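Chain by chain, the residues:
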Amino acid sequence: MDRKFTATVVRATGSWYDVLHDGETVRCRIRGRLRLKGVRSTNPVVVGDEVACEADEGGDYVIADILPRRNYVIRRASNLSKESHIIAANVDQALLMASLRSPETPTEFVDRFLVTCEAYKVPVTILLSKLDLQDAEAVAEFRAVYEGAGYRVLEVSVREGRGVEEVRELLAGRTTLVSGNSGVGKSTLIQAIDPSLDIRTGEISESHHKGRHTTTFSTMYPLAGGGAVIDTPGIKGFGLIDIDEAELWHYFPEMMRVAPACRFYNCTHTHEPGCAVTEAVKAGEIAWPRYESYLKIRDEDEKYRK
Ligand SMILES: Nc1nc2c(ncn2[C@@H]2O[C@H](COP(=O)(O)OP(=O)(O)OP(=O)(O)O)[C@@H](O)[C@H]2O)c(=O)[nH]1
Ligand SMILES: [Zn+2]
């Protein structure tokens, strides 16, 4: 390994980082001053980052600098925090995994994630997981809401081998962030996409009786067919950050489509006369659960603003 090289961060734990350079993985720490760069972020270096590394006097590798990010996906570190947590950087697309039950993904989680992808211009596909456990009517309803908004919705059951090939095609040759709440089946799906990977999933290990494994660090896995996936730990909430209240509706594509017809240019789409958005909701052209999410996010996030 050279003394200085650039590499891609493939695993980030906060205290050490694995970076990939020329097919070789090197464990690094980060140079202290880099922490200051991301003042408002709990994690200065994230999976997907392109970094400049060098060997220090002792022969250990350190990340000395982060190259400019093409994009990133970010959330509020915790509910009342002003700090942010960057989930991944330099991604081509996101795959939002959601399950209608076992476990249920809250609608608000889905909508907050979608808003973030819109705001940071990351193309996103929704993937309904564990189809073998779902109620067909609930699935149809979900599809109607999100396809109506303009999103692509895939259905997958790894247990039954349904939909896996479609996801494999979607991921080929691209860097994809896979996100979703804990237990929706992220690790299981990635393992099914590329069986040559060694990802530990939530199956209880019979021989070791160690209990359920949960993903604790974000990790990027290069795929055999080209491209890479970033498996992230399941997250409970998805707080928005750096999104202005007045701009929130820009990130609901179905609201963006009708809002030019609102009477007032600064319409908030809540109470104004001549609001094309509320009209579309009444007419059933915008799904009520999506509009409800808009109102809820507006209300809740107001509390957290400076
Ligand atoms: N019935 C059913 N179970 C599934 C399916 N996919 C995954 N599971 C199970 O769901 C549980 C959780 O799967 P994981 O892949 O660990 O979920 P995860 O989203 O990576 O979870 P975290 O690491 O906690 O974020 C495991 O017991 C899997 O076997 C599926 O298609 N059908
Ligand atoms: Zn309006």
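If you look the protein chain up in an unreviewed UniProt entry, it shows as Small ribosomal subunit biogenesis GTPase RsgA from Alistipes shahii.

> Sorry, what's going on with the coordination of the zinc ion (ligand 2) here?
Geometry sets the ideal angles at a metal, namely 109.5 degrees for four tetrahedral donors and 90 or 180 degrees for six octahedral donors. Surrounding the zinc ion (ligand 2) are the protein donor atoms C262 (SG), C267 (SG), H269 (ND1) and C275 (SG), at 2.1 to 2.4 Å. Coordination at the zinc ion (ligand 2) comes from 4 donor atoms whose angles at the metal span 102 to 118 degrees, giving a geometry best classed as tetrahedral. Sequence spacing of the donor residues for the zinc ion (ligand 2), all on one chain, is C-x4-C-x1-H-x5-C. Here the residue C262 occupies a position in the loop between helix 6 (253-258) and helix 7 (276-282), and C275 occupies one in the loop between helix 6 and helix 7, the gap between them amounting to 13 residues. Like C262, the residue C275 is buried in the burial classification.

> What should I look at first to understand the confidence of the model for the protein chain in this one?
Low pLDDT marks stretches whose predicted atomic positions should not be read closely. For the protein chain, per-residue confidence averages 89 on the pLDDT scale, and residues scoring 70 or more make up 91% of the total. Across residues 202-210 the pLDDT falls below 50, and counting only partners more than four positions away or on other chains, this stretch makes 7 contacts in the model. On the interface metric, ipTM, the complex scores 0.98, and its pTM is 0.91.

> Can you walk me through the pattern of salt bridges in this structure?
If charged atoms from side chains of opposite charge come close, those side chains can pair. Using the criterion set out here, one finds 18 salt bridges in the structure. What emerges from the salt-bridge pattern is a single network uniting R143, E147, E155, E160 and R162.

> Sorry if this is basic, but what is going on with the packing of aromatic side chains here?
Two aromatic rings, taken as a pair, are described by how far apart their centres are and by the angle between their planes. As enumerated under the stated definition, the model contains 9 aromatic pairs in all. Ring centres 5.6 Å apart and planes at 70 degrees place the aromatic pair F5 and Y61 in the edge-to-face group. In this pair, F5 is assigned in strand 1 (residues 4-12) and Y61 in strand 5 (residues 61-66), connecting sequence segments 56 residues apart. As far as burial versus exposure is concerned, F5 and Y61 are alike and both buried. One aromatic cluster is present, formed by F252, W288, Y291 and Y294 through successive ring pairs. The ring of W16 is capped by R27, whose NZ or CZ atom sits 3.6 Å from the centre of that ring.

How each quantity is defined
Residues numbered from 1 in each chain as written. Chains lettered and ligands numbered in written order. Predicted model: local features only at pLDDT ≥ 70, side-chain atom pairs only at ≥ 80, totals over all residues. Heavy atoms only, no water. Donors = N, O, S within 2.8 Å, 3.2 Å for Na, K, Ca; no water. Tetrahedral: all angles 85-135°; square planar, octahedral: opposite > 155°, others 65-115°. Helix = DSSP H or I, 4+ residues; strand = E, 2+ residues; numbered from the N terminus. Buried < 20%, exposed > 50% of the residue type's maximum accessible area, 1.4 Å probe, protein only. pLDDT = per-residue confidence, 0-100. Contact = heavy atoms within 4.5 Å. Salt bridge = Lys/Arg side-chain N within 4 Å of Asp/Glu carboxyl O. Phe/Tyr/Trp six-rings, centres within 6.5 Å; stacked < 30°, edge-to-face > 60°. Lys NZ or Arg CZ within 6 Å of the ring centre and 35° of its normal.

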